[in-house]
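Residues per chain, in single letters:
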Amino acid sequence: MTALASGATSPTSQDPTRRRPEWLAGLWLIAPTLAIVIGMMLVPLCAIVIVSFWTQTGFDLDTSFTLANYGLLVDDALKCFSDGCGLYSTLIIKSLWISFVATSAVVLLAYPMAYFMAFRIQRGKLVWIILLTVPFWTSYLLRVFAWKVILGFNGVINSGLKSLGLIEKPLEFLLYNPASVTITLAHAWAAYAVLPIYVSLEKIDRSYLEAATDLGDSRWKRFWRVTFPLSLPGTIAAILLVFIPTVGDYITPTLVGGPSGIMIGNSIATQFIKANNAPLGAALSCLMMLAITLAVCLFLAVIGKKRLKGADI
Amino acid sequence: MSFLRRHTNLLSLFAVLYLLFLYVPVLLLPLFSFNDNIYVTLPLKGFTLKWYESLAGNSALLNALWASVKVGIGVSIISTVLGLMAARAMTRYRFPGRRSIYALILLPLVIPYMVIGVSTLVILRRLLDVELSLLTVGASHVLITVPLSMLVLMARMEGFDRSLEEASRDLGDTAWRSFRRVTLPLVMPGIVSSFLLCFITSFDEYLLAFFLAGSDSTLPIFIFSTLRFPNKIPDVLALGSLILMISIVLVVLAEWLRRRGISGSDSSVL
């Protein structure tokens, strides 16, 4: 109702030729998009939660409510306290860890780049923005494939080192392990982090920086007390933009992970395609989303506390 | 301001290295696509165009390419029209639940495609028994491209002077007429940019297509399955180089159109 009242004061709704009230016109315009999002995302997400409480019997779904899938996953996790984690908990922990390392690398590398663009580039900013955006939109599949070419047994690094006479046998540890997955993810998602950080750095009022300098802050002190805190919204956005999708990534672990580098996404896909156990796959999907949500909440809580502490000083 | 320049050189060096890190791995693909060697190894052997020639006769590839182009064009038209309407609603109207609806539409950007893929698969196959085809791929691609389109167009619509529209209304134009004669021309660069970005996103998307294409094949599915055969790698290199070239042209065009005139405000995160 407040929206109605405030809508009535806006200039467009005073127009006598209008027939529809403003709030209805707005809803009308956004309704088709909303319908798509509800139909293609919300309903399927609810469905997968429901299916995770069912079981697979042969080719059919047994639709009686059961906690069997989650029981299996809980047993799997409980093994962490006795004789080593089960398959699924290992995969979830490994996926979170790989994404965490890749995200840290991406953001640590992206921050100086964004800083450079925001504070050092005076002319031709558009060119730099486009240079950084192009890799973001070029084929993800091909960016990952490029690393397979680089790190492979007969790949660019191995054959290059061999033709230089530095090694005799190809280095086998380059490809098909968690490290190659991490490197590939860090490269493939690099471009996603620069722009959000850049935007929040660019928004900083330059007079704050001058004020800090005038009041006697050194360059480092000024950075940590003014620039960095003000760039946190973009930095947090960048961290989430990279971390959330990489946990469930499928292409990278499949192409460069090998048996030791597979992640939780591979396991979910297997349940739906090869193992034909959709309910277990559904439960794994829910568990993955839960793990991502918990990790993100933990991260935001830590950041929130740090920020509060910073405000006290 | 001399303290600003002191470390400029170090930072510039980092910036150049960063760009090399972004570009060199990807640019290896075109380099090796001209190499006369079935293995991707150094040193380079000799220049050849035979990998490109072998693409032209590959009918499975051409079918997959055509499927991806069809899906891409359909998806970008639908998403851009929906995105245009949604962006207009978000920038020009107040309505109940505006913020929650906005957040909901952006949600597909932060949900792993794996989850969207398998949950759509479950509802289509197990619960509704819909036949999988390029249409189901297209529907899921609309879901993931609509938020992009809306963001691009919102940035564009916030970037121009609202009083131009009001002037048109005051001079007696109907809402539709002033939209068509004033708003649309001003938003046009954003529309083209949204179309191109949606097309590239759909054209490149593998995971949703993998789950939802059924027996059909799109180009990323074709590439992914080809990667399993080592002797087909040069073909993928040639094909990948062509895709890279085309998508770089499209992206530069889209970004240039999108940022032109609003580069100062730069309100878009993407």
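Predicted model only: the values in this text are computed from it and were never measured.

Participant: Would you mind showing me how to read the environment of A:Leu96 here?
Facilitator: All names here are of chain A. Residue position: leucine 96 is located in helix H4 (residues 87-119). Sequence-wise, leucine 96 and methionine 263 are 167 residues apart; in three dimensions their C-alpha atoms are separated by 9.0 Å. The residues touching leucine 96, leaving out its near neighbours within four places in the chain, are Phe243, Val247, Ala291 and Ala295.

Participant: Would you explain the interface of chain B and chain A in this entry?
Facilitator: Reports often express the size of an interface as the amount of accessible area lost when the parts come together. Counting residues at the interface gives 90 residues for chain B and 96 residues for chain A. When the area that chain B buries against chain A is broken down by residue, the three leading residues are B:Tyr18, B:Arg94 and B:Arg126, summing to 8%. At the junction of chain B with chain A, the criterion picks out zero salt bridges. The element best represented in the side of chain B that touches chain A is helix H2 (residues 8-33) of chain B, accounting for 15 residues. Class assignment for the residues of the side of chain B that touches chain A results in 67 nonpolar, 11 polar and 12 charged.

Participant: Please explain the packing of aromatic side chains as it appears in this structure.
Facilitator: For the coordinates displayed, the defined rule picks out 26 aromatic pairs over all chains. Relative to B:Tyr206, the ring of A:Tyr250 lies with its centre 6.5 Å away and its plane at 15 degrees, an arrangement referred to as stacked. Taken as a pair, A:Tyr250 in the loop between helix H11 (219-247) and helix H12 (251-257) and B:Tyr206 in the loop between helix H9 (175-204) and helix H10 (207-212) lie in two separate chains rather than in one. For A:Tyr250, a relative accessible area of 11% puts it in the buried group. The class of B:Tyr206 is buried, set by a relative accessible area of 4%. With centroids separated by 6.1 Å and ring planes inclined at 35 degrees, the aromatic side chains of B:Phe14 and B:Tyr18 adopt a geometry described as tilted. Placement of the pair is B:Phe14 and B:Tyr18 together in helix H2, with a separation of four residues, close to one helical turn. You can call B:Phe14 partly exposed: its relative accessible area is 23%.

Rules behind the numbers
- Residues numbered from 1 in each chain as written.
- Chains lettered and ligands numbered in written order.
- Predicted model: local features only at pLDDT ≥ 70, side-chain atom pairs only at ≥ 80, totals over all residues.
- Heavy atoms only, no water.
- Helix = DSSP H or I, 4+ residues; strand = E, 2+ residues; numbered from the N terminus.
- Contact = heavy atoms within 4.5 Å.
- Buried area = accessible area lost by both parts, 1.4 Å probe.
- Salt bridge = Lys/Arg side-chain N within 4 Å of Asp/Glu carboxyl O.
- Nonpolar A, V, L, I, M, F, W, Y, C, P; charged D, E, K, R; others polar.
- Phe/Tyr/Trp six-rings, centres within 6.5 Å; stacked < 30°, edge-to-face > 60°.
- Buried < 20%, exposed > 50% of the residue type's maximum accessible area, 1.4 Å probe, protein only.

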